[in-house]
Amino acid sequence: MDIMAQIVVRNLDDQLKERLRQSAAANGHSMEEEARLILHRALPEGEVPGSAGTHASLSERIQTLMMDIEFPPEFFEALDEIRHGSEFIDVEPRAATFDS
């Protein structure tokens, strides 16, 4: 039988603890299991934080975090304008004016 390590996290703010509780409940896990899963996702096996391979995995983690975000339609319309050209692209910058 393997002996598993344990950690105690002190000074965890109440809001973070509540988000962990809500995430655990939404995923059908205990808070302890949810914390383990979060740690596994944040620190993939074989990867040392700060190593050369970190940039690619950081990008993957950001994509994973953003998958659940619901962007408004205007966001995608703006992306399409950027991709396909827009009347606002390549316009000379101009100084801001303020009405007094």
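Now for a description of the structure that goes with this document. Please read these numbers as outputs of a predicted model, since none were measured by experiment. (Residues numbered from 1 in each chain as written. Predicted model: local features only at pLDDT ≥ 70, side-chain atom pairs only at ≥ 80, totals over all residues. Heavy atoms only, no water.)

1. Observations concerning a nonpolar patch on the surface
Together, I7, V9, L12, L16, L39 and L43 make up a nonpolar patch on the protein surface, roughly 550 Å² of accessible area in all. Positionally, L16 belongs in helix α1 (residues 14-27). The exposure class assigned to L16 is partly exposed, which follows from its relative accessible area of 36%. (Patch = residues over 30% accessible without salt bridge, like charges linked within 9 Å, V, L, I, M, F, W, Y side chains within 5 Å. Areas by Shrake-Rupley, 256 points an atom, 1.4 Å probe, with all protein chains shown as cover. Salt bridge = Lys/Arg side-chain N within 4 Å of Asp/Glu carboxyl O. Helix = DSSP H or I, 4+ residues; strand = E, 2+ residues; numbered from the N terminus. Buried < 20%, exposed > 50% of the residue type's maximum accessible area, 1.4 Å probe, protein only.)

2. Observations concerning the environment of T64
By the element assignment, T64 lies in helix α3 (residues 54-66). Between the alpha carbons of T64 and R41 there is a distance of 9.7 Å; along the sequence they are 23 residues apart. Of note is the side chain of T64, whose polar atom sits 2.9 Å from the backbone oxygen of E60. (Polar contact = N/O pair within 3.5 Å; in protein donor to acceptor, adjacent residues only side chain to side chain.)

3. Focus: the environment of Q22
Position of Q22 among the secondary structure elements: in helix α1. Taking the C-alpha atoms as reference points, Q22 and E34, twelve residues apart in sequence, are found 9.9 Å from one another.

4. Details of the packing of aromatic side chains
Applying the stated criterion across every chain, the model contains three aromatic pairs. When the ring of F71 is compared with that of F75, the centres are 4.4 Å apart and the planes differ by 20°; the resulting orientation is stacked. Overall, F71 belongs to the partly exposed group, its relative accessible area being 29%. Relative to F76, the ring of F75 has its centre 5.3 Å away and its plane inclined at 90°; by these criteria the two rings are edge-to-face. Classification of F75 as partly exposed rests on a relative accessible area of 34%. (Phe/Tyr/Trp six-rings, centres within 6.5 Å; stacked < 30°, edge-to-face > 60°.)

In short, shape yes, function no, at least from these values alone.
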